[in-house]
Amino acid sequence: MTQTDYDADVIVVGSGVIGSLAAHHLAKNGKSVIILEAGTRVPRWKIVESFRECGNVSTDAGNRNQPYPNEPWAPSSFVPDYITNHGPIDYIPGMLRMVGGTTWHWGGACWRLLPNDFHLKSLYGVGRDWPISYDDLEPFYHQVEIEMGVSGDDTADYSGQNGGAFPPRQAPYPVRPQALGYFSQRFRDRVAVGGYSFTYQPNGRATDPYEERPACVGNNNCSPVCPIGAQYSGDRHATKAERAGAKLISDATVYRLEKTPDGKRIAAVHYYTPDKRSVRLTARKVLVAAHALETPRLMLLSDVGNSSGMVGRNLMDHNAFSLAMIADEPMWSGRGPVQQGDVLKWRDGSFRQKHGCIRHEVGNFVGNVQITERLLSQGVIGPELDEKIRHMAARWVFMDSNIEMLPEPTNRMSLSASKRDFYGLPLMDIYYDVNDYARAAGNVIREDYANFLKLLGGEIFDQNLSLWENRDHPMGTVIMGNDPRDSVVNHEGRSHDHDNLFIATTGIMPAASVVNPTLTGCALSLRSASIMLKEI
Amino acid sequence: MHRSLHHAMTSGITLAVVLLFSPAVKANGQALIQRGAYLARAADCVACHTRPGGAEFAGGYGIKSPLGVIYSSNITPSQAHGIGGWSEAAFAAAVREGKSADGHRLYPAMPYDSYAGMTDDDIHALYVYVTTQITPVDQAVGPVTALHFPYNMRSLMRVWNWMYLDKGRFAPRPGETPLQSRGRYLVETVAHCGTCHTPRNFMMATKSGHKLEGASLGGWYAPDIAAGENGPLASWRDNEIMAYLRDGHARDRGVAAGPMGEAVEHSLRYLSEPDLAAITAFLREQKRRVQPHHRVDTAVSVSRIYDVDSEQARATRDLARQQRNADPRPYADRRNYRDIEGGAALYMAACASCHQLDGSGTADDFYPSLRKSGTVRASRSSNLVMTIVAGVHRNGADHKASCLPFGMI
């Protein structure tokens, strides 16, 4: 007998940007939608107040999760035991559990992938090909850019080859680029001498007021929190989805996806309330958009969608190195947003047969905290301390690099054997290592850093060329592919095993590229939502 | 031009309009069209005759009145759904007398009681502009105005008109300077300021003898705008009144939000400097017998933008600290931020990032000062509350202004 009575057309698990965009799209088109969010809901002003009081004064070096909620039933990622590691590299990305998700504390980067990123295996003989191409995703990139109000440079060659505008777009960016701050201008001019181009980073900050967001005025606090909400965050579309008719239930930890007796569909979604009551909801379709780590965790807990054995595997990030230097002239970093541009010299090319592509992100932070700590540790005090802080902070240049990683089944998230959550369910354990393909790119970074130091007359303040810093860009854990034997979802984001189960997270990306994956995750999510719309 | 000509021919409107396109009178015709376009801006037709996201002038905008929602009509020159077949006389009757071409009566949500004074020349310019320059939208308005009994009886409007409609045309008065009479014409007739700023009686007619004295409007309050003796705007300088109308803000005076923000965005920012000066001159003539309720502060606003050590700033900070020390728990444990509260904490976290710790805003007024703002200091808190709840979204002549709608996030 066919079921006809459901609690909703679609249940969306997760109210971050990826889930909320899809929920909004579905609700706007007349579908009944329930969004379940494990975390709680907090207005921006309370986060700002919490940030100011928590002693987390450095946007770069501090714990960015710290000003945010840590409900016992929805801890953020740095809470001890939430994620344990047993591999060579510790991997715990910054991640928030609340209405709006982790884009509460991001840098706002909104990159499109390049067409070549979708054909890594065919073009360069490494990694995997996507089952779709850039052209399939372009309309959804466009749609997301309008939803989020993305600012970008319509003339930039984002493949880093200094050619014409690339990749192709059906329309200009909806928001014009922000003027480059003095720091960005000086950096651009100084490194240009050495043949490095500085490219404006597409971002979700409002150069001009956009919808209900005021224009960015350079509080330089994009992360941990934009105090005025000029920077896009997922809570925007969580709220917009509600206005369009979606029902959002916070403090609802989904712990089980219930299969139909024949195992072919998802019959219901079960969640716990903070008083440990269990609630069962049914829907025609289920969209799990619960982050690249919590999504596979939920699937493993539910024994769902894992006929390939790939759930939780192929974890990728953009692990790489960083460099902080004191340049030979005052650069005045720290005006404007925390990042404005990148060096994309190694964005794409035949070298990808041998090593991963590289992106150097140029930070626009102020180094006062690190500088002061260093000077105090050296015993510098009094007027000399003031003078040196001023001197060094004015000349502070920081960059962190990203490297393309390939999907390796051994890099995986699995259920913890010993750690349990508030409800007694297994937490997460991660094994992670950086493969030779990425390590080879590390050697290129070494050379680039030497060049940057020369070009800026820099003195090393801190150079990390050995520890593989993660970039909080988890991907690959519920990997997309055509073959149900080695992938979790098909090109639609639909589970190979369960017809009415869709997965939307950066975890479905089968190739990591080297750019922040949020926009791609969002485009994939809207693509899945548009497919779901046609079927309901 | 081709489309306009074609349109003029097919719709068979007056010979005069067709003649406009003969070379001899072309320059004259252009001037007439420009004048009509300017009048349409000044009369703010587009604001009410455009549905959010819809085609300009195609109607369907719902005006919420105490009697129910009144939907505006399609005033594009569409034959089927707009005013395409209307003669200039029919157009004039609608604009000045609230009589539609098909004979039905308009509700005074259409401010024909203000437009009644519009001169024949201006009606002509407006008619030519609307019928030749606006793209026809061949689409029905959609929602239909359906007020409850007895207001659904449009014929009753005849009585209303008899009681309240002053059919006198505008004409300069003896002793008036050209500036004063132009100002009176703009305020009372074309820009219909009294539609919002003059209180209405139980019949929804503007109260005689209370011109521009202030009235409530959907949660907002359109304040008394007398700028003469004892008027609330008496302390504003001429250039401040003009800047407010043009840009939607004047430092230490106030900002235009809500319906006034819309008036700036759609209409006032397009007015010429002489017209802004004329409006200002007219407002100066408006005097009040009693002292305004709110204080007129003579203190000078702080000049240093980031002076976080000012007395004001210290007081704000101390208050927040006291509140925190009285109950430190919410700050010690981040699970409890539902408990973070208190006006000072709220101000510091939600407002100070833009308006500064001491409320002085920025020197260029991009972020307005709150210290002397008329909105903050008003004896009536409606506009302050509405600004906080609904935010500010306004395009002025200088820039786009945006304040978050804190009631919606």
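Thresholds applied
- Residues numbered from 1 in each chain as written.
- Chains lettered and ligands numbered in written order.
- Predicted model: local features only at pLDDT ≥ 70, side-chain atom pairs only at ≥ 80, totals over all residues.
- Heavy atoms only, no water.
- Pairing = 2+ DSSP bridges.
- Helix = DSSP H or I, 4+ residues; strand = E, 2+ residues; numbered from the N terminus.
- Axes fitted to C-alpha atoms, helices over the stretch in contact; angles between N-to-C directions.
- Contact = heavy atoms within 4.5 Å.
- Buried area = accessible area lost by both parts, 1.4 Å probe.
- Polar contact = N/O pair within 3.5 Å; in protein donor to acceptor, adjacent residues only side chain to side chain.
- Nonpolar A, V, L, I, M, F, W, Y, C, P; charged D, E, K, R; others polar.
- Expected span 1.5 Å × (residues − 1).
- Buried < 20%, exposed > 50% of the residue type's maximum accessible area, 1.4 Å probe, protein only.
- Arc of directions from axis to C-beta.
- pLDDT = per-residue confidence, 0-100.
- Phe/Tyr/Trp six-rings, centres within 6.5 Å; stacked < 30°, edge-to-face > 60°.

K.L.:
An account of the sheet that holds strand S8 (residues 278-281) of chain A is needed here, citing residue identities and associated values.
P.N.:
Across a sheet, strands are paired by hydrogen bonds formed along the backbone, either parallel or antiparallel in direction. Residues and elements named next belong to chain A. One open sheet holds the three strands; their spatial order is S6-S7-S8, and the pairing between them is antiparallel. Here the strands that pair on one side only, and so sit at the sheet edges, are strand S6 (253-259) and S8. Neighbour to neighbour, the strand axes of the sheet diverge by 25 degrees on average, direction disregarded. Here four bridges tie strand S7 (residues 266-272) to S8, and the two strands are oriented antiparallel to one another. Paired with Val-269 across the bridge in S8 is Leu-281.

K.L.:
Account for the interface of chain B and chain A, naming residues and giving values.
P.N.:
Taken together, the contact between chain B and chain A spans 25 residues of the former and 32 residues of the latter. Approximately 2500 Å² of surface area, both sides summed, lies buried where chain B meets chain A, with 57% of it carried by carbon and sulfur atoms. Inspection of the chain B/chain A interface yields three residue pairs in polar contact (both at pLDDT 80 or more). Taken together, the elements giving at least two residues each to the side of chain B that touches chain A come down to helix H16 (343-355) and strand S8 (400-403) of chain B. The element best represented in the side of chain B that touches chain A is H16 of chain B, accounting for seven residues. For the side of chain B that touches chain A, the class distribution of residues is 15 nonpolar, three polar and seven charged.

K.L.:
Lay out helix H14 (residues 311-326) of chain B in plain terms, naming residues and giving numbers.
P.N.:
Residues and elements named next belong to chain B. If you check H14, its first and last C-alpha atoms are 22 Å apart, about what 16 residues at 1.5 Å a residue would give, namely 22 Å. Within H14, the full set of buried residues consists of Ala-313, Thr-316, Ala-320 and Arg-324. All buried residues of H14 lie within an arc of 70 degrees about the axis, which places them on one face of the element. For H14, the exposed residues lying more than 90 degrees away from the buried face are Glu-311, Gln-322, Asn-325 and Ala-326.

K.L.:
Describe the confidence of the model for chain B, naming the residues involved and giving the relevant values.
P.N.:
All names here are of chain B. In this model, chain B carries a mean pLDDT of 84, and residues with pLDDT of at least 70 account for 87%. Taken element by element, chain B is modelled with least confidence in helix H1 (residues 2-10), mean pLDDT 42, and with most confidence in helix H11 (residues 238-247), mean pLDDT 97. Here residues 1-21 is a poorly scored stretch, pLDDT under 50, and it has 31 contacts once near neighbours within four places are set aside; other chains count. Counted against residues more than four places away or in other chains, residues 296-306, with its pLDDT under 50, gives 19 contacts. Model confidence for the complex is summarised by a pTM of 0.86, with the ipTM given as 0.78.

K.L.:
Tell me about the packing of aromatic side chains, residues and numbers included.
P.N.:
Residues and elements named next belong to chain A. Overall, the coordinates contain 22 aromatic pairs over all chains when judged by the stated rule. On the numbers, 4.7 Å between centres and 50 degrees between planes, the contact of Phe-118 with Trp-130 is tilted. Taken together, the residues Phe-118 in the loop between strand S3 (83-85) and helix H3 (120-124) and Trp-130 in the loop between H3 and helix H4 (134-148) connect sequence positions twelve residues apart. Assessed through its relative accessible area of 0%, Phe-118 is described here as buried. Given the relative accessible area of 4%, Trp-130 is considered buried. Aromatic ring contacts, followed pair by pair, group Trp-73, Tyr-255, Tyr-272, Phe-422 and Tyr-423 into a single cluster.

K.L.:
How would you summarise unusual backbone geometry if you had to cite specific residues and measurements?
P.N.:
Residue and element names in this part refer to chain A. The omega torsion across Phe-166 and Pro-167 is 0 degrees, close enough to zero to call that bond cis. Residue placement: Pro-167 occurs in the loop between H4 and helix H5 (182-192). Across the junction of Ser-223 and Pro-224, the peptide omega takes the value 10 degrees, indicating a cis bond. Position of Pro-224 among the secondary structure elements: in the loop between strand S4 (198-200) and helix H6 (235-243). Even without a glycine there, the phi angle at Ser-513 is positive, about 50 degrees. Turning to its location among the elements, Ser-513 is positioned in the loop between strand S17 (501-503) and helix H11 (518-535). A residue is classified by how much of its surface remains accessible, and Ser-513, at 1% relative accessible area, is buried.

K.L.:
Break down the pairing of strand S14 (residues 412-420) of chain A for me, with residues and values.
P.N.:
Both faces of the sheet carry side chains from a regular strand, because those side chains alternate between them. Residue and element names in this part refer to chain A. Direction of pairing for S14 relative to strand S15 (residues 426-431): antiparallel, over a ladder of five bridges. Following the sheet pairing, Arg-412 is matched in S15 by Tyr-431. Between S14 and S15, which pair antiparallel one after the other, the connecting turn spans five residues, and Gly-424 there sits at a positive phi close to 85 degrees.

K.L.:
Which residues make up the sheet that holds strand S5 (residues 247-249) of chain A, and what are the values?
P.N.:
All names here are of chain A. One open sheet accounts for five strands, arranged S5-S2-S1-S9-S17; its pairing is parallel. A strand with exactly one partner marks an edge of an open sheet, and here the two such strands are S5 and S17. Across the sheet, the mean angle from the axis of one strand to that of its neighbour is 20 degrees, orientation sign disregarded. For strand S1 (residues 8-13) and strand S2 (residues 33-36), the ladder comprises four bridges, and the chain directions are parallel. Opposite Ile-11, over in S2, you have Ile-34 as the bridge partner. Along the sheet, helix H1 (residues 17-28) makes contact with S1, S2 and strand S9 (283-288), crossing S2 at roughly 165 degrees.

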